[in-house]
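The residues making up each chain are set out below.
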Amino acid sequence: MTAAAPTGPVAVVDCGTNSTRLLIDDGEGLGLRMLRITRLGRGVDAGGSLADDAIGRVVGVLGEYREVIEDRQVSAVRAVATSAARDAANGAEFLQRASDALGTDVELLDGDSEANYAFAGATTGLGGESGTAALVLDIGGGSTEFAYGMPGPGARPADALSVDMGSVRWTERFLAMDPPRPEELSSAISVARLHLDDIDREHPVIARGAPAAQLVGVAGTITTVAAVEIGLDPYDPEVIDGFVLTRAAAEDVFRTLATERLADRVHNPGLHVDRAPVIVGGCCILVAVMRHWGIDECLVRERDLLDGIAAELREAQASPAAELRGGADAAR
């Protein structure tokens, strides 16, 4: 599927824990973005394996994406799988089936590379002239990535890591009742803060810089909280990209969603019905981060991991002699 021509749009596919996403990017604007909630990682935290029906959902969506990619005549394709595939005992089987469906290899992306790519994508267009560093927060379904550094063209984070907490994982681990009980919510937030305590000890660059940094939030939990705060229906990525979500607003959305039964929660404008079952788990992580480091505002971006990978593909096109960086060395 990868064309030999060194010009043209590039395609990036992300097989995540909760969603399967496609970006077709020509370097202008937000590009074509498609998302399907496929719930690949449902049950992985407890059972250790990907369910066959979950794999089937992703495979079906990848077949659709393959047609879109071929219709757009892209010049390069890269596809990755993240937390759920990393954790699952049958991850290799999934990668093979996914690759067959998409018509190109789907590679397993390690957590540190995921964090680095998220930083590259999220800080696109953010200059470092003000001297303010960025802390990029990417709350996924199975993992959360943190990356800290000075934004700017080609910038790399000073430190980055991936932590095994996410909206799906936290929902399955802590939030059994509908709506969640106060003690369940308290446990989810408390354990998230224990992970942040670990970051304080083991990643002093992030710990020292986080309170004064510009928090930049990406991925479904944060964009959804922003959309609910606005009451944005239908969803519009152009409105969300660059929206400033205050801590007070995030706490307010969290209280609203956490105290509603799922049957009522789905009616909130801005909340996709398929994201409603796990949004409270993601909110627990978001408010834990903002509380822990005393952060009052979060700049919400639509640009994320997909954009970081797309930028690297375009860079390789512009410099054909340069070897495309991959795996753990991708964004270091």
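1. Regarding the pattern of salt bridges
- One pass over the structure, following the stated rule, counts 23 salt bridges.
- Across the pair Arg97 and Asp52 runs a salt bridge whose closest N-O atoms are separated by 2.8 Å. Taken together, the residues Arg97 in helix α4 (residues 91-102) and Asp52 in helix α2 (residues 52-72) connect sequence positions 45 residues apart.
- For Asp52, a relative accessible area of 52% corresponds to the exposed category.
- Between Asp198 and Arg201 there is a salt bridge, and its shortest N-O distance comes to 2.1 Å. Separated by 3 residues within a single helix, Asp198 and Arg201 lie in helix α7 (residues 182-202), roughly one turn from each other.
- When its relative accessible area of 25% is taken as the criterion, Asp198 is described as partly exposed.
- One salt-bridge network, held together by shared partners, links Asp45, Asp87, Asp164, Arg169 and Arg173.

2. Brief notes about the packing of aromatic side chains
- For the coordinates displayed, the defined rule picks out 2 aromatic pairs.
- For the ring pair Phe146 and Trp293, a centre distance of 6.2 Å and an interplane angle of 85 degrees mean the geometry is edge-to-face. Taken as a pair, Phe146 in strand β7 (residues 144-149) and Trp293 in the loop between α13 (279-292) and β11 (297-300) lie far apart in primary sequence, 147 residues in all. Each of the two residues, Phe146 as well as Trp293, counts as buried.
- Aromatic side chains Trp170 and Phe174 sit 5.0 Å apart centroid to centroid with 70 degrees between the ring planes, which places their arrangement in the edge-to-face category. Of this pair, Trp170 and Phe174 both sit in helix α6 (residues 167-174), 4 residues apart, which is roughly one turn of the helix.
- According to the relative accessible area criterion, Trp170 is buried, its value standing at 0%.
- What makes Phe174 buried here is its relative accessible area of 16%.

3. Description of the packing of α7 against α13
- Two numbers describe how α7 lies on α13: the axes approach to 9 Å, and their chain directions differ by 45 degrees. Accordingly, the angle class assigned to the pair α7 and α13 is oblique. In the crossing of α7 with α13, the sense of the turn from one axis to the other is right-handed. Note on element contacts: α13 touches α7 through Val280, Cys284, Val287, Ala288, Val289, Arg291 and His292, opposite Leu185, Ala188, Ile189, Ala192, Arg193, Leu196, Asp197 and Asp200.
- The residue makeup of the contact of α7 with α13, split by class, is 10 nonpolar, 1 polar and 4 charged.

4. Notes on the nonpolar core
- Counting 52 residues, the largest nonpolar core has Leu135, Phe146, Phe254, Leu286 and Trp293 as its most contacted members.
- The leading source of residues in this core is α13, at 10 residues.
- With sequence-adjacent residues up to four places away left out, Leu135 is seen in contact with Ala147, Tyr148, Ile206, Ala210, Ala213, Gln214, Leu215, Val216, Trp293 and Ile295.
- Within the second largest apolar cluster, 30 residues are counted, among which are Val61, Val77, Leu95 and Leu102.

5. Some words on the sheet that holds strand β2 (residues 19-25)
- The sheet built from 5 strands is open, its strands ordered β3-β2-β1-β4-β5 with mixed pairing. For this open sheet the edge positions go to β3 (32-37) and β5 (106-108), each flanked by a neighbour on one side alone. Neighbour-to-neighbour, the strand axes of this sheet turn through a mean angle of 20 degrees, independent of strand direction.
- Strand contacts of α2: β1 (10-15), β2, β3 and β4 (76-81), with the helix running at about 5 degrees to β2, the strand carrying the most contacts.

6. Comments concerning the side chain of Thr123
- Among the structural elements, Thr123 can be located in the loop between α5 (111-122) and β6 (134-139).
- The exposure class of Thr123 is buried, given its relative accessible area of 5%.
- At a separation of 2.7 Å, a polar atom in the side chain of Thr123 contacts the main-chain carbonyl oxygen of Phe119.
- Setting aside residues up to four positions removed in sequence, Thr123 forms contacts with Ala134, Val136, Pro151 and Arg301.

7. Focus on unusual backbone geometry
- Residue Asp178 is joined to Pro179 through a cis peptide bond whose omega torsion reads -5 degrees.
- Tracing the chain through its elements places Pro179 in the loop between α6 and α7.
- Here the amide bond leading from Asp233 into Pro234 is cis, since omega sits at 10 degrees, within 30 degrees of zero.
- Note that Pro234 resides in the loop between α9 (220-230) and α10 (237-240).
- The phi dihedral of Gln73 is positive, around 50 degrees, even though this residue is not glycine.

8. Some points on helix α11 (residues 247-258)
- Over its 12 residues, α11 extends 16 Å from the first C-alpha to the last, a length consistent with the 16 Å expected when each residue adds 1.5 Å.
- All of the buried residues in α11 are Ala249, Ala250, Glu251, Val253, Phe254, Leu257 and Ala258.
- On its buried face, α11 is in contact with α7, α9, β10 (244-246), α12 (262-265) and α13.

Scoring rules and cut-offs
- Residues numbered from 1 in each chain as written.
- Predicted model: local features only at pLDDT ≥ 70, side-chain atom pairs only at ≥ 80, totals over all residues.
- Heavy atoms only, no water.
- Salt bridge = Lys/Arg side-chain N within 4 Å of Asp/Glu carboxyl O.
- Helix = DSSP H or I, 4+ residues; strand = E, 2+ residues; numbered from the N terminus.
- Buried < 20%, exposed > 50% of the residue type's maximum accessible area, 1.4 Å probe, protein only.
- Phe/Tyr/Trp six-rings, centres within 6.5 Å; stacked < 30°, edge-to-face > 60°.
- Axes fitted to C-alpha atoms, helices over the stretch in contact; angles between N-to-C directions.
- Parallel < 35°, antiparallel > 145°, perpendicular 65-115°, else oblique.
- Left-handed = near helix turned anticlockwise from the far one by under 90°.
- Contact = heavy atoms within 4.5 Å.
- Nonpolar A, V, L, I, M, F, W, Y, C, P; charged D, E, K, R; others polar.
- Core = buried A, V, L, I, M, F, W, Y, C linked by side-chain atoms within 4.5 Å.
- Pairing = 2+ DSSP bridges.
- Polar contact = N/O pair within 3.5 Å; in protein donor to acceptor, adjacent residues only side chain to side chain.
- Expected span 1.5 Å × (residues − 1).

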